[in-house]
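Spelled out from the first residue to the last, the chains are:
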Amino acid sequence: GQVCLMRSDDLSFAVAVKGGHNDEFHNHNDLGSYVVLVDGKIVAGDPGGEVYTARTFSKHRYDSKVLSSYAHPVPVVDGQLQGTGRKFAAKIVRTDFTDAKDEIVFDLTAGYPVKTLKRLLRTFTFDRAAKRFTVRDEVEFSEPTAFAEAWIARDAKTLPKSLSSTGAWSTEPVYEKIENPGKADVHRHLWSVSKPVTSATFEVSYEK
């Protein structure tokens, strides 16, 4: 499952991140997803599940924005969401866990059915003292390709504390409220490159 939990010393700030593959038991297409908790409450990240229906366990399972990668805080590559199946998997590139800081790097390249995608690395950094969580993506393509980044929150006003990028990006994200009847609704903000790129970086940070 490639799940990692990272917590501040006083437990008031915590993050869970995951790699895995997209054919897990009760699978969601969520390679590279994460959850941010402040004082025990989820504020941003993974949308969680949906109320089960007949469709949930049918061939139309991933029509759901919640179960597909659409409502997860992961990239959109050339307009494509993550693929479904065991071959769509993350790889752990590097880990560095210390008393002060935790860092884990996932290779998400195999998660997207996009031929021009050469490399997509996602680095999670959890600074325990600063109570800061950072997500950094680095992408490379064989030819200019569209790329976008999603931020998911439980409140429409909850945005990253800081954002940085290389390349030309939209100055304002596209906002969408995603309703999840019987569960918590989530709020999606999507930043996109202003024109296709051969490489780009995107970084968001959240602090308690």
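Structure shown above.
Notes on the structure follow. For clarity, every value in this text was computed on a predicted model and none was experimentally measured. (Residues numbered from 1 in each chain as written. Predicted model: local features only at pLDDT ≥ 70, side-chain atom pairs only at ≥ 80, totals over all residues. Heavy atoms only, no water.)

1. Brief notes about the overall build of the chain
1) Next: Tallying secondary structure elements over the chain gives 0 helices and 16 strands in all.
2) Next: The C-alpha atoms of the chain give a radius of gyration of 16 Å, which matches the 17 Å a tight globule of 208 residues would have.
3) Next: Along the first, second and third principal axes, the C-alpha set of the chain runs to 45 × 40 × 30 Å.
4) Next: Burial analysis of the chain (208 residues in total) assigns 50% to the buried set.
5) Next: Within the chain, contacts between residues at least 6 apart in sequence are counted, and of these 61% link residues at least 24 apart.
6) Next: Carbon together with sulfur atoms contributes 51% to the accessible area of the chain, which is approximately 10,000 Å² in total.
7) Next: Side-chain charges of the chain comprise 28 positive and 28 negative groups, with the mean position of each set lying 3 Å from the other. (Helix = DSSP H or I, 4+ residues; strand = E, 2+ residues; numbered from the N terminus. Rg over C-alpha atoms; globule rule 2.2 N^0.38 Å. Buried < 20%, exposed > 50% of the residue type's maximum accessible area, 1.4 Å probe, protein only. Contact = heavy atoms within 4.5 Å. Areas by Shrake-Rupley, 256 points an atom, 1.4 Å probe, with all protein chains shown as cover. Lys, Arg positive; Asp, Glu negative; His and termini not counted. Charge placed at Lys NZ, Arg CZ, Asp CG, Glu CD.)

2. Quick look at the pairing of strand β12 (residues 147-153)
1) Next: Burial within β12 is extensive, with 7 of its 7 residues counted as buried.
2) Next: Side-chain alternation along β12 places Phe 147, Glu 149, Trp 151 and Ala 153 on one buried face and Ala 148, Ala 150 and Ile 152 on a second face that is also buried.
3) Next: With 2 bridges connecting them, strand β6 (residues 76-77) and β12 associate as antiparallel partners. Within the sheet, the bridge partner assigned to Val 76 lies in β12 and is Ala 148.
4) Next: In terms of strand pairing, β12 meets strand β15 (residues 186-192) through 6 bridges, oriented antiparallel. Paired with Ala 153 across the two strands is His 187, which belongs to β15. (Pairing = 2+ DSSP bridges.)

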